[in-house]
Amino acid sequence: MRKLTQGLAFTLMTVLTVFWVGQATASAMPTLEEMLEDKVLGDPKAPVTIVEYASLGCPHCKQFHEETLPRIKKKYVASGKVKVIFRDFPLGQRAMAASMVARCAGPVRYFAMVDVLFRDQAVWGRAEDGMAALIASAKKLGMSEAQVDSCLRNEGLLQGLRKIAEDAHNTHGVASTPSFLVQGQKVEGAQPFDAFEQLIQRALREKS
């Protein structure tokens, strides 16, 4: 697990300092409400809820998304038994910028953009020109440089993501990623599928 070492005091100026942003004119973007709403995989009425708090720059979060989540989706999300809510807990400025870009991709492309950003994590996370690398990832799903520019200048989005992370820390004691709430029970770390399956099955039994 990657520990929260820098706190949650992110500022718009910090993000724009890490990623130099040009003056391109932005295209139409989702509304702030659309960008900050809960991102839900599966049937909203599914009996069991998994809430994931993740940082797009976290290798253990990437591991969960590439190895464990697909199995949860196949067995429990597709069958309507589980819904997964993804909430941002960015650790560092580049992770915050990536979270902003994913939210700006819009509701339809959101999870696809998350997949791209996890897949390209080592590139945009370590590149000398982080902004160029992040734009290259965003372009894979049709976002333009102007849209990324506008996205990283959206102070309302930045403050909204800060609040999501702060609420997670204050309400649930989240201080590392990935962290989960499985039907309210806290789970820390990229646990294997079997660990989640046990909790899901228990929750389903309690619902029956």
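Residues numbered from 1 in each chain as written. Predicted model: local features only at pLDDT ≥ 70, side-chain atom pairs only at ≥ 80, totals over all residues. Heavy atoms only, no water.

(A) Layout of the confidence of the model for the protein. Model confidence for the protein is summarised by a mean pLDDT of 89, while 87% of its residues fall at 70 or above. In the model, residues 2–13 has pLDDT below 50 throughout and makes 33 contacts with residues more than four positions away in sequence or in other chains. Contacts from residues 20–26, a stretch scored under 50 in pLDDT, to residues over four places away or in other chains number 15 contacts. (pLDDT = per-residue confidence, 0-100. Contact = heavy atoms within 4.5 Å.)

(B) Representation of the packing of helix α3 (residues 59–77) against helix α10 (residues 193–207) within the structure. α10 packs onto α3 with a crossing angle of 30° between their chain directions and a minimal axis gap of 10 Å. For α3 against α10, the interelement crossing comes out right-handed. Here α3 contributes Phe64, Thr68, Arg71, Ile72, Lys75 and Tyr76 to the contact with α10, which in turn contributes Phe193, Phe196, Glu197, Ile200, Gln201 and Leu204. (Axes fitted to C-alpha atoms, helices over the stretch in contact; angles between N-to-C directions. Helix = DSSP H or I, 4+ residues; strand = E, 2+ residues; numbered from the N terminus. Left-handed = near helix turned anticlockwise from the far one by under 90°.)

(C) Spotlight on the sheet that holds strand β7 (residues 185–188). Spatially, β2-β4-β3-β6-β7 is the arrangement adopted by the five strands of the open sheet, whose pairing is mixed. The open sheet has two edge strands with one neighbour each: β2 (39–41) and β7. Here the average twist between neighbouring strands, direction ignored, is 25°. Pairing geometry for strand β3 (residues 48–54) and strand β6 (residues 179–182), over four bridges, is antiparallel. Along β6, the bridge assignment pairs tyrosine 53 with serine 179. (Pairing = 2+ DSSP bridges.)

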